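# Per-entry structural report
What follows is each chain in one-letter form.
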Amino acid sequence: MAKKIVSDLNVRGKKVLIRCDFNVPMKNGVITDDTRIRAALPTIKYVIENGGKAIVFSHLGRVKQASDIEKNDITPVSVRLAELIEKPVKFVNATRGAELEAAVAELKEGEILMFQNTRYEDFDVEADKEVKKESKNNPELGAYWASLGDVFVNDAFGTAHRAAASNVGIAANIAETAAGFLLEKEIKFIGGAVDTPVRPYIAILGGSKVSDKIGVIEALLDKADKVLIGGAMMFTFLKAQGKNIGASRCEDDKLELANELLAKANGKIVLPVDAVVNKAFEDVPGVVKSVDGFDNDDMGLDIGPKTLELFAKNLEGAKTVVWNGPMGVFEMENYNKGTIGVCELLANLKGASTIIGGGDSAAAAEQLGYADKVSHISTGGGASLEYLEGKELPGIACVDEK
Ligand code: ADP
Ligand code: MG
């Protein structure tokens, strides 16, 4: 069944609550990257251009103690939003109360109102105590926010794996809930890969730890036709196979698990044949070595060129590709070639749905200039991993079916 999308709603004259993901990086009250605000524009524009009254809100950072309040003031986001959307944004410096209710009552068709960081509700100032009303989906809070609107649009994928008052809580107390365009894209690509992948379906996994990704590895082994493994996690698998991985990063308590996965995989797992090694974890040129030729002090920091060729062969004809986890220490210029290589392979695949999920993987693809050369880069870190695992995400489950 398909989920209801914002464009399925009749928003004219209605108060439309829009849960955005404005959790932008900030330094001393200045936004350092406004990608998430830009990404929210299509949904907000759709609502105001169709005569809706937009009430937008988001969390920003964590609010656990009094000193987090000022640090996570979301006012700068409302200012940037107004600049980007080229319309006034009325900001209310509260998450509830008379001023907010009056501002909502005065809101006209096509206007935008934004209120303070939803996680201000996680801390009780008078009691000087963390209460987590937003983050633990306090029922009174969800019902209160729902009472401010007529319909609800959830467009925050980054928090969709957690039930909060500002997603599940509102949805439980309002007539209609739809997905925004951002959430729609996540459902289409990640949900599509999970539920109805077009084959051949190839998964590429990397990143730092096997232990972070056990659920994803198991789910992908189940669903995908091949699972290509790089990143630091490759060494846990290679060591499990009895190879000398030198001083490479490895989780020794996961060797048994790696062996179980290899056995269960029935040949689906493709491991690197070479790596770029260095004697220390630093950004100086390394040496390409076969995975059978490591010295005891060699530290593998990237996959090698023969591995990229092997991955290219395995990707030929792929129709769905899901990638999570950088192939090497992409933050270092001497060890980003494997990650660039995989970006390049994805960019050149014809007629395939190419999906990148995971915080660092998305950052790598963007930083390396491949953001618009793949079908979809997920906007969620933890949420995209849980979605890929095949788990039901509360923030998606709470959206109405069409
Ligand atoms: P994601 O956030 O996309 O899920 P992870 O957090 O699992 O990805 O992994 C990203 C990190 O893995 C990066 O910081 C990268 O430097 C690190 N990494 C990748 N390959 C290696 C390696 N061979 N040795 C050490 N660290 C690595
Ligand atoms: Mg990460």
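Up top is the structure these notes are about.
Described below are features of the structure shown in this document. Since we're looking at a predicted model, the values are computed, not measured.

What follows is about the site of ligand 1. The local shell around ligand 1 holds 20 residues, among which Lys213, Gly300, Glu331, Asp360 and Ser361 are the closest. For ligand 1, an oxygen atom lies 2.7 Å from a polar atom in the side chain of Lys213. Within the contact set of ligand 1, an oxygen atom lies 3.1 Å away from a side-chain nitrogen or oxygen of Asn324. Sorting the residues of the shell around ligand 1 by element identifies β16 (299-303) and α13 (359-367) as the ones contributing at least two each. Considered class by class, the residues forming the shell around ligand 1 number 6 nonpolar, 10 polar and 4 charged.

Next up on the list: the nonpolar core. Counting residues in hydrophobic clusters, the biggest one holds 102 residues, and the most contacted among them are Phe22, Ile44, Val56 and Phe237. Those residues in contact with Phe237 that lie beyond four places of it in its chain are Val210, Ile217, Ile229, Ala258, Leu261, Leu262, Ile269 and Leu271. One finds Leu100, Leu107, Phe115 and Phe152 within the second-largest nonpolar core, a separate group that totals 23 residues.

Here we have 6 strands laid out as an open sheet, ordered β13-β12-β11-β17-β18-β19, and parallel in their pairing. Every interior strand has two partners, whereas the edge strands, β13 (269-270) and β19 (376-377), have only one. One ladder, built from 4 bridges, connects strand β11 (residues 201-205) with strand β12 (residues 226-229); its direction is parallel. By the bridge assignment, Ala203 is partnered in β12 with Val227.

Moving on to a negative patch on the surface. On the surface, Glu218, Asp222, Glu256 and Glu260 cluster together into a negatively charged patch. Mapped onto the negative patch, the elements with two or more residues apiece are α8 (210-223) and α10 (255-265). On the secondary structure map, Glu218 appears in helix α8.

To continue, consider the sheet that holds strand β5 (residues 89-92). The strand order across the open sheet formed by 6 strands is β5-β6-β4-β1-β9-β10, and the pairing between neighbours is parallel. Strand pairing shows two members of the sheet lacking a second neighbour, β5 and β10 (176-179), which therefore form its edges. Going across the sheet, the axis of each strand differs from the next one's by a mean of 25 degrees, ignoring polarity. The pairing of strand β1 (residues 15-19) with strand β4 (residues 53-57) spans 5 bridges and is classified as parallel. In the strand pairing of β4, Lys15 is matched with Lys53. In this fold helix α3 (residues 75-85) packs onto β4, β5 and β6 (112-115), with an angle of close to 170 degrees to the strand it touches most, β5.

Moving on, we come to the packing of α8 against helix α9 (residues 233-240). Across the interface, α8 lies against α9 with an axial gap of 10 Å and an inter-helix angle of 85 degrees. Put simply, α8 runs roughly perpendicular to α9. Side by side, α8 and α9 meet where Val210, Lys213 and Ile217 of the first sit next to Met233, Thr236 and Phe237 of the second. The residue inventory of the contact of α8 with α9, partitioned by class, reads 4 nonpolar, 1 polar and 1 charged.

Calculation criteria
- Residues numbered from 1 in each chain as written.
- Chains lettered and ligands numbered in written order.
- Predicted model: local features only at pLDDT ≥ 70, side-chain atom pairs only at ≥ 80, totals over all residues.
- Heavy atoms only, no water.
- Near = heavy atom within 4 Å.
- Polar contact = N/O pair within 3.5 Å; in protein donor to acceptor, adjacent residues only side chain to side chain.
- Helix = DSSP H or I, 4+ residues; strand = E, 2+ residues; numbered from the N terminus.
- Nonpolar A, V, L, I, M, F, W, Y, C, P; charged D, E, K, R; others polar.
- Core = buried A, V, L, I, M, F, W, Y, C linked by side-chain atoms within 4.5 Å.
- Buried < 20%, exposed > 50% of the residue type's maximum accessible area, 1.4 Å probe, protein only.
- Contact = heavy atoms within 4.5 Å.
- Pairing = 2+ DSSP bridges.
- Patch = residues over 30% accessible without salt bridge, like charges linked within 9 Å, V, L, I, M, F, W, Y side chains within 5 Å.
- Areas by Shrake-Rupley, 256 points an atom, 1.4 Å probe, with all protein chains shown as cover.
- Salt bridge = Lys/Arg side-chain N within 4 Å of Asp/Glu carboxyl O.
- Lys, Arg positive; Asp, Glu negative; His and termini not counted.
- Charge placed at Lys NZ, Arg CZ, Asp CG, Glu CD.
- Axes fitted to C-alpha atoms, helices over the stretch in contact; angles between N-to-C directions.
- Parallel < 35°, antiparallel > 145°, perpendicular 65-115°, else oblique.

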